[in-house]
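So the chains spell out like this:
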Amino acid sequence: MSDDWTDEERQLLDANRKVADVVASVAADCEARRRPPTEAWEAYAASGLKGLLVPKEKGGHAARATLVAMMAEVQGRADPIGALTFMPQEYCIAAIARYGSDPWHDEMLRRLMAAEISTGFVLTEPGAGSDATAIATHAARTDDGWVLNGAKAWVANAPHIDEYFLFAQTNPGSGAKGIAGFLVPRARDGVSIGAPYEMLGGHVASIADLKLTDVRLEAERLVVPPGEGLKAALSAIDMARINVAAMCCGALAVGLQTALDYTTQRHAFGQPVAAFQGMQWQLAEVATDLHAARLVTFDAARRLETEGSAPVEAAHAKKFATRAAMDGLDICMGQMGSNGLKHDSPLPRLFAAAKIAKTLDGSTEIQNIVISRSLLAPYRDRL
Ligand SMILES: Cc1cc2nc3c(=O)[nH]c(=O)nc-3n(C[C@H](O)[C@H](O)[C@H](O)COP(=O)(O)OP(=O)(O)OC[C@H]3O[C@@H](n4cnc5c(N)ncnc54)[C@H](O)[C@@H]3O)c2cc1C
């Protein structure tokens with residue numbers, strides 16, 4: 001979508017492609033054995049990509065949105081949920097770089113960028129998903145730090161993260177005004193991790209609940225002060241939505257290619273099934289949706305890059321690309337008849353990923369709220 005990459009950006013794209021090759025090589029095994037993609041994590045740690053979104057003066061790459069979207073598309077071709085086990089860490093690392101104000105935070109940032117430790121985003125709770133202001137995990141101030149009590153849900157990589165980037169309420173009943181962000185070590189007394197969820201797919205991400213029972217934290221483990229927590233949690237939300245859209249473009253491109261390869265060699269009624277016009281037109285619809293999904297996704301990335309925020313464009317991209325991927329992969333699987341259902345091809349895994357992507361980083365309904373709010377903004381006095 002862009003051919004004006006700098007030499008440094010080409011190196012990052014190249015490093016990302018090598019990581020994606022590893023992701024792709026283990027994706028089927030990770031899903032079948034419900035195991036994390038440790039080989040991909042090792043490749044990512046060695047790739048030099050850590051600190052992708054951190055400013056250069058803090059030792060990062062300060063990658064621009066179109067570049068990151070391009071990397072996400074390549075990862076989506078390999079395994080979107082596999083990529084979600086390491087790419088979103090970059091949003092956490094960038095937020096720690098932005099909000100951390102203590103020398104200890106700088107040291108944690110250094111260790112995160114050196115891949116000595118890992119982190120992950122912990123916001124959702126059993127009783128609060130889309131409405132993040134309703135989180136109830138309580139952080140109470142003590143003389144020398146904090147004590148956390150509560151429960152978290154849908155924590156990707158829960159059993160493997162060293163330091164959870166976890167959001168909690170410091171002043172119950174105050175909504176966003178009381179939310180703060182902490183680094184919580186997995187190994188700390190009082191942290192317990194549930195069994196990984198059994199889901200439609202995406203088992204590579206080891207998603208599980210966390211329970212926090214009288215978890216004591218030193219004062220410096222507060223990274224984002226009360227009142228800034230929700231802003232920090234959502235600071236990369238436009239980029240996250242664009243990247244999920246880009247991953248879906250990658251997944252759908254694989255679907256289309258797989259269907260073309262299959263239908264041009266599979267015969268029925270004396271000819272390749274791709275020779276039937278009904279089949280060709282289905283693939284043409286998928287190709288149109290893929291083309292449109294890419295345009296809307298990279299348009300949003302370009303807007304984010306130039307304007308600094310692109311909430312409506314990111315919402316359009318996420319809504320459109322996740323729907324295009326799910327509907328399109330359904331068609332591509334159908335093109336392969338019963339064989340489309342078998343895990344011999346990546347399509348069932350990618351189809352599950354597209355379904356999962358619809359909920360991640362704000363469901364389709366939440367994107368519609370963003371879009372309709374902007375449509376109706378000029379008419380606010382009539383409503
Ligand atoms: C694979 C995967 C990985 C995840 N990883 C993480 C993670 O690492 N860390 C983390 O914190 N979270 C994670 N999540 C959680 C994810 O962010 C939430 O699931 C998401 O925010 C939706 O919340 P919910 O599931 O509680 O749905 P709910 O908020 O309970 O919504 C239920 C339904 O109601 C709809 N709805 C809600 N509000 C409105 C409204 N105002 N108008 C219209 N419809 C509405 C929703 O669209 C949805 O269809 C992950 C989820 C998945 C699937």
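This structure is a prediction, so every number in the text was calculated from the model and none was measured.

A. Region of the structure containing the overall build of the chain. Along its length, the chain carries twelve helices and ten strands. Taking 383 residues into account, the globule formula puts the C-alpha radius of gyration at 21 Å, and the chain, at 21 Å, falls close to it. If one aligns the C-alpha atoms of the chain with their principal axes, the spans along those axes are about 80 × 55 × 45 Å. When burial is assessed residue by residue, the chain has 49% of its 383 residues classed as buried. Pairs at least 24 apart in sequence give 75% of the contacts found in the chain among residues at least 6 apart.

B. Expanded view of the site of the ligand. Around the ligand there are 20 residues in total, and Thr-124, Gly-129, Ser-130, Ser-363 and Glu-365 lie nearest to it. Put simply, the parts of the chain that give the shell around the ligand at least two residues each are strand S1 (119-122), strand S3 (145-155), helix H11 (347-359) and helix H12 (364-376). Here the shell around the ligand is built from residues that sort into twelve nonpolar, seven polar and one charged. Two domains each donate at least three residues to the shell around the ligand, and these are domain 2 (119-230) and domain 3 (233-376).

C. Representation of the packing of helix H8 (residues 237-263) against helix H9 (residues 277-307) within the structure. Remark: H8 packs on H9, axes separated minimally by 9 Å, with the N-to-C direction vectors making an angle of 155°. Here H8 lies roughly antiparallel to H9, going by the angle between them. As H8 runs across H9, the sense of the crossing is left-handed. Of the residues assigned to the contact of H8 with H9, the class counts are 20 nonpolar, two polar and two charged.

D. How the structure looks around the pairing of S3. Bridge analysis of strand S2 (residues 138-141) against S3 gives four bridges, and the strand direction is antiparallel. Across the sheet, residue His-138 finds its bridge partner in S3, namely Asn-149. Counting the residues that bridge the hairpin from S2 to S3 gives three residues. Bridge count for S3 against strand S7 (residues 208-218) is eight bridges, and the pairing is antiparallel. Across the sheet, residue Lys-152 finds its bridge partner in S7, namely Leu-210.

E. Spatial organisation of the domain arrangement of the chain. The domains assigned to the chain are domain 1 (7-113), domain 2 (119-230) and domain 3 (233-376). Using only C-alpha atoms to locate each centre, domain 2 and domain 3 end up separated by 31 Å. On the side of domain 3, nine residues touch domain 2, which itself brings ten residues to the contact. Of the residues contributing to the side of domain 2 that touches domain 3, the split by class is five nonpolar, five polar and no charged.

F. Region of the structure containing the nonpolar core. Ranked by size, the top nonpolar core spans 123 residues in total, and within it Phe-182, Ile-242, Cys-248 and Leu-329 carry the most contacts. For this core, the leading source of residues is H8, giving 15 residues. Not counting residues within four places of it along the chain, the set of residues in contact with Leu-329 comprises Ala-251, Leu-252, Gly-255, Leu-347, Leu-350, Phe-351 and Ala-354.

G. Quick look at the environment of Asn-339. Its location among the elements puts Asn-339 in the loop between helix H10 (311-335) and H11. Residues Asn-339 and Leu-252, spaced 87 residues apart in sequence, show a C-alpha to C-alpha distance of 18 Å.

H. Geometry of helix H1 (residues 7-33). With 27 residues, H1 extends 39 Å between its outermost C-alpha atoms, agreeing within 8% with the 39 Å of an ideal straight helix rising 1.5 Å per residue. Its buried side turned inward, H1 meets helix H2 (38-46), helix H3 (65-78), helix H4 (80-83) and H11. Phi for Arg-34, located one or two positions after H1, is positive at around 50°.

I. Focus on the environment of Arg-303. Mapped onto the fold, Arg-303 is located in helix H9. Overall, the presence of 20 C-beta atoms within 10 Å leaves Arg-303 in the buried class. Once the C-alpha coordinates of Arg-303 and Thr-66 are considered, the two residues, 237 residues apart in sequence, prove to be 9.2 Å apart. Dropping the residues within four chain positions of it, Arg-303 is found in contact with Ala-310 and Glu-313.

J. A look at unusual backbone geometry. The backbone of Ala-62 sits at a positive phi, close to 50°, despite the residue not being glycine. Note on placement: Ala-62 falls in the loop between H2 and H3. Positive phi values are uncommon outside glycine, yet Asp-361 reaches one of about 50°. The topology assignment puts Asp-361 in the loop between H11 and H12.

K. H9, seen in detail. An ideal rise of 1.5 Å per residue puts 45 Å on 31 residues; H9 measures up with 44 Å between its terminal C-alpha atoms. Looking at H9, one finds that the buried residues are Val-286, Asp-289, Leu-290, Ala-293, Arg-294, Val-296, Thr-297, Phe-298, Ala-300, Ala-301, Arg-303 and Leu-304. Two residues or fewer past H9, Gly-308 is found with a positive phi of approximately 90°.

About the cut-offs
Residues numbered from 1 in each chain as written. Predicted model: local features only at pLDDT ≥ 70, side-chain atom pairs only at ≥ 80, totals over all residues. Helix = DSSP H or I, 4+ residues; strand = E, 2+ residues; numbered from the N terminus. Rg over C-alpha atoms; globule rule 2.2 N^0.38 Å. Buried ≥ 20, exposed ≤ 12 C-beta atoms within 10 Å, placed from the backbone. Contact = placed C-beta atoms within 7 Å. Near = placed C-beta within 6 Å. Nonpolar A, V, L, I, M, F, W, Y, C, P; charged D, E, K, R; others polar. Domains from an automatic or database assignment. Axes fitted to C-alpha atoms, helices over the stretch in contact; angles between N-to-C directions. Parallel < 35°, antiparallel > 145°, perpendicular 65-115°, else oblique. Left-handed = near helix turned anticlockwise from the far one by under 90°. Pairing = 2+ DSSP bridges. Core = buried A, V, L, I, M, F, W, Y, C linked by C-beta atoms within 7 Å. Expected span 1.5 Å × (residues − 1).

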